Structures are given as C-alpha cells and as structure tokens.
Amino acid sequence: MSTTFQDDKPVTSSLLIMGYEVVIGFETHAQLSTRSKIFSRAPTAFGAEPNTQACAVDLALPGTLPVMNKGAVERAIEFGLAVGSHIAERSVFARKNYFYPDLPKGYQISQFEIPVVQGGAVAFYLGDEKKSVRLVRAHLEEDAGKSLHEDFIGQTGIDLNRAGTPLLEIVTEPDMRSSAEAVAYAKELHKIVTWIGICDGNMQEGSFRCDANVSVRKPGAAFGTRREIKNLNSFKFMQQAIDFEIRWQIEELEDGRAIQQATVLFNPDTGETRAMRTKEDAADYRYFPDPDLPPLVIAREWVERVRREMTELPRVMAQRFMTDYGLSDYDAATLTQSREVAAYFEAAAQACGQAKLVGNWIMGEVSRRLNLAETDISACPITPAQLAQLVGRIQDGTISNNAARQVLDVLWSEPHSTVDAVIEAKGLKQMNDTGALEKMIDAVLAANPKNVAEFRAGNAKALNALVGQIMKGSQGKANPQQVNALLLQKLA
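Residues numbered from 1 in each chain as written. Predicted model: local features only at pLDDT ≥ 70, side-chain atom pairs only at ≥ 80, totals over all residues. Heavy atoms only, no water.

Some words on the overall build of the chain
Logical step 1: The helix and strand inventory of the chain stands at 16 helices and 17 strands.
Logical step 2: For the chain, whose C-alpha radius of gyration is 29 Å, the value lies well above the compact-globule estimate of 23 Å for 492 residues.
Logical step 3: Along the three orthogonal principal directions, the C-alpha set of the chain runs to about 95 × 55 × 50 Å.
Logical step 4: In the chain, which comprises 492 residues, the share counted as buried stands at 48%. (Helix = DSSP H or I, 4+ residues; strand = E, 2+ residues; numbered from the N terminus. Rg over C-alpha atoms; globule rule 2.2 N^0.38 Å. Buried < 20%, exposed > 50% of the residue type's maximum accessible area, 1.4 Å probe, protein only.)

Quick notes on the side chain of His29
Logical step 1: For His29, the location among the structural elements is in strand β1 (residues 21-31).
Logical step 2: Exposure remark for His29: the relative accessible area of 10% places this residue in the buried category.
Logical step 3: Polar contacts involving the side chain of His29 include one to the side chain of Glu141, which spans 3.0 Å.
Logical step 4: Among the polar contacts made by the side chain of His29, one reaches the side chain of Glu169 at a distance of 3.3 Å.
Logical step 5: When neighbours within four sequence positions are excluded, His29 is seen to be in contact with Glu141, Leu167, Leu168, Glu169, Ser207, Phe208, Arg209 and Asp211. (Polar contact = N/O pair within 3.5 Å; in protein donor to acceptor, adjacent residues only side chain to side chain. Contact = heavy atoms within 4.5 Å.)

Digging into helix α5 (residues 300-309)
Logical step 1: Taken together, the buried positions of α5 are occupied by Trp302, Val303 and Val306. One face of α5 carries all of its buried residues, which in axial projection span an arc of 100 degrees. Among the exposed residues of α5, those oriented more than 90 degrees off its buried face are Glu301 and Arg308.
Logical step 2: Against the buried residues of α5 lie α1 (70-82) and β2 (86-87). (Arc of directions from axis to C-beta.)

A few points about the packing of helix α11 (residues 401-413) against helix α12 (residues 419-426)
When two helices pack together, you describe them by how their axes are tilted relative to each other and by the distance separating the axes.
Logical step 1: Between α11 and α12, whose axes approach to 10 Å, the crossing angle comes to 115 degrees. Judged by the angle between their axes, α11 and α12 are roughly perpendicular. Crossing angle aside, the handedness with which α11 passes α12 is right-handed. Residue-level inspection shows Gln406, Val407, Val410 and Leu411 of α11 in contact with α12, the latter providing Val419, Val422, Ile423 and Lys426. (Axes fitted to C-alpha atoms, helices over the stretch in contact; angles between N-to-C directions. Parallel < 35°, antiparallel > 145°, perpendicular 65-115°, else oblique. Left-handed = near helix turned anticlockwise from the far one by under 90°.)

Concerning the confidence of the model for the chain
Logical step 1: For the chain, per-residue confidence averages 90 on the pLDDT scale, and residues scoring 70 or more make up 94% of the total.
Logical step 2: The low-confidence segment residues 1-14 (pLDDT under 50) makes 31 contacts with residues lying over four places distant or belonging to another chain. (pLDDT = per-residue confidence, 0-100.)

What to know about α12
Logical step 1: Listed as buried for α12 are Val419, Val422 and Ile423. An end-on view of α12 places all buried positions within 100 degrees of arc, on one side of the element. Of the residues in α12, the exposed ones pointing more than 90 degrees away from the buried face are Glu424 and Ala425.
Logical step 2: The elements touched by buried residues of α12 are α10 (384-395) and α11.
Logical step 3: Count one or two residues on from α12 and you reach Gly427, which has phi positive near 60 degrees.

What about the packing of aromatic side chains?
Logical step 1: Counted under the stated rule, the structure contains eleven aromatic pairs.
Logical step 2: Summarising the aromatic geometry, the rings of Phe112 and Tyr287 are spaced 4.0 Å apart at their centres and angled 0 degrees between planes, so their arrangement reads as stacked. Pair noted here: Phe112 is in the loop between β5 (107-111) and β6 (117-118) and Tyr287 is in the loop between α4 (282-285) and β16 (288-289), with a separation of 175 residues, a long-range link.
Logical step 3: Judged by relative accessible area, Phe112 falls into the partly exposed class, the value being 31%.
Logical step 4: Taking the relative accessible area as the measure of exposure, Tyr287 reaches 22% and is therefore partly exposed.
Logical step 5: Taken together through their ring pairs, the aromatic side chains of Tyr98, Tyr100, Phe112, Tyr285 and Tyr287 make up a single cluster.
Logical step 6: Its end group placed over the ring of Tyr20, Lys218 keeps NZ or CZ at 4.2 Å from the ring centre.
Logical step 7: Over the ring of Trp248 we find Arg227; its NZ or CZ atom is 4.0 Å from the centre of that ring. (Phe/Tyr/Trp six-rings, centres within 6.5 Å; stacked < 30°, edge-to-face > 60°. Lys NZ or Arg CZ within 6 Å of the ring centre and 35° of its normal.)

Observations concerning the sheet that holds β16
Consider a sheet: its strands pair through backbone hydrogen bonds, and that pairing is either parallel or antiparallel.
Logical step 1: Strand order in the open sheet formed by three strands is β5-β4-β16, with antiparallel pairing between adjacent strands. Each end of this open sheet is capped by a strand with a single partner; those strands are β5 and β16.
Logical step 2: In this structure, strand β4 (residues 93-97) lies alongside β16, joined through two bridges in antiparallel fashion. Pairing of Ala94 across the sheet is with Pro289, part of β16. (Pairing = 2+ DSSP bridges.)

As for the packing of helix α8 (residues 339-352) against helix α9 (residues 355-372)
Logical step 1: Here α8 crosses α9 at 140 degrees, and the two axes come no closer than 9 Å. One way to sum up the angle between α8 and α9 is to call them oblique. At the point where α8 passes α9, the crossing takes the right-handed sense. Contact with α8, carried on its side by Val341, Tyr344, Phe345, Ala348, Ala349 and Cys352, involves Ala355, Val358, Gly359 and Ile362 of α9 and no other residues of that element.
Logical step 2: Taken together, the residues of the contact of α8 with α9 break down into nine nonpolar, one polar and no charged. (Nonpolar A, V, L, I, M, F, W, Y, C, P; charged D, E, K, R; others polar.)

Structural notes on the nonpolar core
Most often, soluble globular proteins have nonpolar side chains that are buried together.
Logical step 1: Judged by nonpolar contacts, the single largest core of 107 residues is most densely connected at Phe26, Phe79, Leu140, Tyr185, Ile242, Phe345 and Leu387.
Logical step 2: Top contributing element to this core by residue count: helix α2 (residues 179-195), with nine residues.
Logical step 3: Not counting chain neighbours up to four residues away, the residues in contact with Phe26 comprise Ile170, Val171, Thr172, Met176, Ala182, Tyr185, Ala186, Cys210, Asp211, Ala212, Met238 and Ile242.
Logical step 4: Leu437, Ala478, Val483 and Leu486 belong to the second largest nonpolar core, which has 18 residues in total. (Core = buried A, V, L, I, M, F, W, Y, C linked by side-chain atoms within 4.5 Å.)

Observations concerning the environment of Ile170
Logical step 1: For Ile170, the position within the fold is in strand β11 (residues 166-172).
Logical step 2: Between the C-alpha atom of Ile170 and that of Leu140, which follows or precedes it by 30 residues, the distance is 9.2 Å.
Logical step 3: Here Ile170 is in contact with Phe26, Glu27, Thr28, Ala30, Phe79, Leu135, Arg137, Ala138, Tyr185 and Leu189, once residues within four sequence places are set aside.

Next up, the structure:
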C-alpha cells in the first residue's frame, strides 16, 4: 500500500529526520562506449528496430561461446584509475542465475567474488561542503534485453538488442545521509564517466541507470532493512524517489510495522514508490565461475599505458586551476564540472589574465542565463574571447559591473556585436574625470547635510546613502571605488 505525504519538501539535510538517520548506498550501471557488445561482435547503437542487433551469441543459441571485448576491459581500467581504485591483476567472471523472459541464457555473465575494479572513492561538493563516498567495487557484466508491454494487447514482446550490451556496475558503501548528498554523488559520478569518455551518460536512453538502496535507523543503531529503488533515470526523480522512500519507511516504523527488504519502483506521476518484488540476496543467484570464460588477467604494463593515454582528470585539472590561476578549491571544482565549462574558462582566463573574475562571471551571470535558457555552455552565444574582453573592460575601469551586465544582455541576443561597440552605443563608459566627479560629490554633500552629520557621528550606513545619490546623479557612470575614495577623503 502506498502512502501520500502532505509535506512535500525535499529532505536535503544530513540531520536527523523525525529522530531517524538516513543511510543510502548506490549501485549504478554505466553502459560502456564500445561499438560492439561485451561478449559478441553485435553492434550497440541505440534506437535500431527490435532484434536487429542481436547475434547468435546474444540469443544464446546452442554451441555459441562468449569472447571478451578488450575495449570494455580498457574502459573499466580507465574508470578505476579515475577514482583511485585498485585494478585487479586477476578477476573472474561468474554466472548470475535468474529467469527473465528477456534473458536468453537464463543467467547473466557478471563478476562476483573478484571484480576487476576494487575500492576507490568519489569526492564532490554538497553546497560548499566537501564530501566523499567510498566505492566497494566496479565490475563488468552484460545487460539483459527488454520486455515490451505497451505495443501488445495481452502479450509481451521481447527485444534482445540490449542483450549483451557492456555494463560497468559501480557499487558504493552506504556512506550517504540525505537525498541531496545522493544526487550530488550521482552527478559527480556521471561527470567522471562522461569526462573520460567511457559512457555517453544518456539517462533517457538507459546508458546511466542508478539504483538507490535506502534505509533508516535510530542514531547509533545497526543498519536498518534496505529497500532498493530501481532504474532512476533522472536526477530530479532520484531525489523525489529517495525523499518519498525515507518518509514512507519512517512512517512504517513509527506505526510499529517492520520494513521488508524489497525492490521498488518509482512512479514519477504519483511521486510514490511501490514494491515490485522481494529483494534477492547473493545466495539466491547461485553464483559460480563461468566455465566458458577464463580469468581476466591484466598486466601492469597495460594499466600504465592506459594511465599515460588518459585525458586530464577533473580532480587533476581542478588542482591545476588552483595552482595556475589562484582559484579556491570550491571554484576550481565548480569550473571543472564538465570538460566544456573547463575549456571555456581556461580560454577566457588566458585571453585576459583575470582568472578569478572570469570564473565569477561564468559561475554567476553566464550560468544564470544558461539555466534560464535550459541549455549548457556549448550553446552559449558569447565566446570566451568576448567574455575575456568584457572582464578586461571591468578591470581597466572602462565600465562598472552593472554596465557589464547590460553589455552581456546585448551580446546574448546579438552575439556578433563587439564589447566595445556595445559600450559606445549604449554610453556605458564610467566617468573617470576626477574634477567633474569632485564637483558632483561637493553638490551631493551640500544637499545632504543630515547624512553627512550622521556619518561623522558614526553611522556607517549614511555613507551608502551618499554614494547612492552620487551614482544616481552620474546615471550610474561614476566609478564606485573612485566615488568611495573621494567621498571618504572629503568627509575626513
């Protein structure tokens, strides 16, 4: 039975909720970016007609044998290196036995006792607080096919195009304590796998699927019984599902009912989770080593070659941004959220030499406009060179921050314009004539004796009122720093 909660505010804090601590672990399936399947040469392209990308191996026809895809192994090595894991010199494939209509063999080839990637951690920011989630493992396995219900009345169709698609299943320790922390972890993991190019990260197509194991407990107690929310395919639904599940479990316990271990699905239309089946344990799958596949042996030379050929990792780039550009840890992490944002920042920073100011504008005004347009930096109408020139005009005192925002507005809708042309056309140059500014300040002081007296009596807010009058008189063209300096000098 489902429960509807009146309080629909998201659970975003790691503080206790109604006296309970939340415990969350993740299992994420990342579809690897190989052109062929993990144990056959069948293609992996998305969107083909049903059953047109499944060969005899995928169909489990008698006499067929799996052959390991070297590219899938290499991508697993890349991931392990990216998160500081141990790459096992020897790992073993196992048969995971269960029956689904879209699982032709009656078992899935996976890894159990000895996975290829062991340990590691994913670090990220939750607000301005740095967090880290430990990884248990990441193992290679094949995907199942897909059951189709909507196109058949009273029947189910089977599409085996996905059968044998290579997956890397990434398993965490139960280290997360809120839905917000879980979503931040998932976003960071998504960034890593797409950054290094082992997965396209398309959640709508099922390339990046998350399962959240959620339980609650009283502080200091043993872990509670977990329920696994399957196939969360958007960050928004992920948070909604976890929040609902947290409240549902707490209400069950408060009403004296025990939580039953189960696999549940989230319905985004109702905002509720519902039990699909009881949750299997490892013993239910009857794992045993696959006799058709020898142990996977990875030479240290292979690992080192992959390490040398990998792109600069986000955490390495963030450290370089701190060293080379003097950014804070938080700013460097924010500007390396994607390779595109990092490249945009670095191009603009190098063009004007004002890295901190460039970073502030990207994280502030540029990001705000991109969010409003529901797009990303790749579609930004302003080039890094234009942003660098805009920042340069702020730095040399040509325009104020307020005027710069007006320039940005024009460039956003007229990207072929130049910064200097917009400044001239709109008359946005700051007033830098000290003599004219002094006359304006004298006039404001003479017209506002009350504010002058209040400031001299120790009321610092009175200064703001005087600055406001001067800026208004200059139509916003006076340099605020220059105004403050001259004003304080005259009031001394």
